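Below, each chain spelled out in residue letters.
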Amino acid sequence: MRNGDGRCGPDAPEDDADPRTLLKKLALWAGLALCVAFIAWVAWGFLQFDHDIDHPREGGFSGWQCDAGRDCGS
């Protein structure tokens, strides 16, 4: 990136005042936060599902996984 002083390369000072650069960084961090939140939500749902499979009588399901002709509550 070439700045007003004519330098370019890794030692050139960055222009953080550019609104497009700030907007890109904010969009990147917002996207990253959304990905982390989505992964956490899916993991929580999986843990709840796993618990409901292991304990059907605690109200997790309506009885579809119980033996045929029996109610999970009995």
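Above this text is the structure in question.
Only a predicted model underlies this, so the values are computations on that prediction, with no experimental measurement involved.

Engineer: Mind showing me how you'd approach the overall build of the protein here?
Structural biologist: Of the regular secondary structure elements, the protein holds one helix and zero strands. Expressed as a percentage of the 74 residues in the protein, the buried residues total 8%. When the accessible surface of the protein is summed, it comes to about 6,400 Å², and 65% of that surface belongs to carbon and sulfur atoms.

Engineer: What's the story with the pattern of salt bridges in this structure? I'm lost.
Structural biologist: Pairs may arise between side chains of opposite charge once their charged atoms sit close together. One pass over the full model with this rule turns up one salt bridge. Across the pair Asp-18 and Arg-20 runs a salt bridge, and its minimum N-O distance is 3.7 Å. For Arg-20, a relative accessible area of 60% corresponds to the exposed category.

Engineer: I tried to follow the packing of aromatic side chains on my own but got confused; where do I start?
Structural biologist: Remark: the centre distance and the inter-plane angle together describe each pair of aromatic rings, the angle taken between the planes. In this structure the tally under the stated criterion is one aromatic pair. Each ring, one from Phe-38 and one from Trp-41, has its centre 5.9 Å from the other, and the planes form 45°; the classification is tilted. With a gap of three residues between them, Phe-38 and Trp-41 both fall in helix H1 (residues 19-54), about one helical turn apart. A relative accessible area of 59% means that Trp-41 is categorised as exposed.

What counts and what doesn't
Residues numbered from 1 in each chain as written. Predicted model: local features only at pLDDT ≥ 70, side-chain atom pairs only at ≥ 80, totals over all residues. Heavy atoms only, no water. Helix = DSSP H or I, 4+ residues; strand = E, 2+ residues; numbered from the N terminus. Buried < 20%, exposed > 50% of the residue type's maximum accessible area, 1.4 Å probe, protein only. Areas by Shrake-Rupley, 256 points an atom, 1.4 Å probe, with all protein chains shown as cover. Salt bridge = Lys/Arg side-chain N within 4 Å of Asp/Glu carboxyl O. Phe/Tyr/Trp six-rings, centres within 6.5 Å; stacked < 30°, edge-to-face > 60°.

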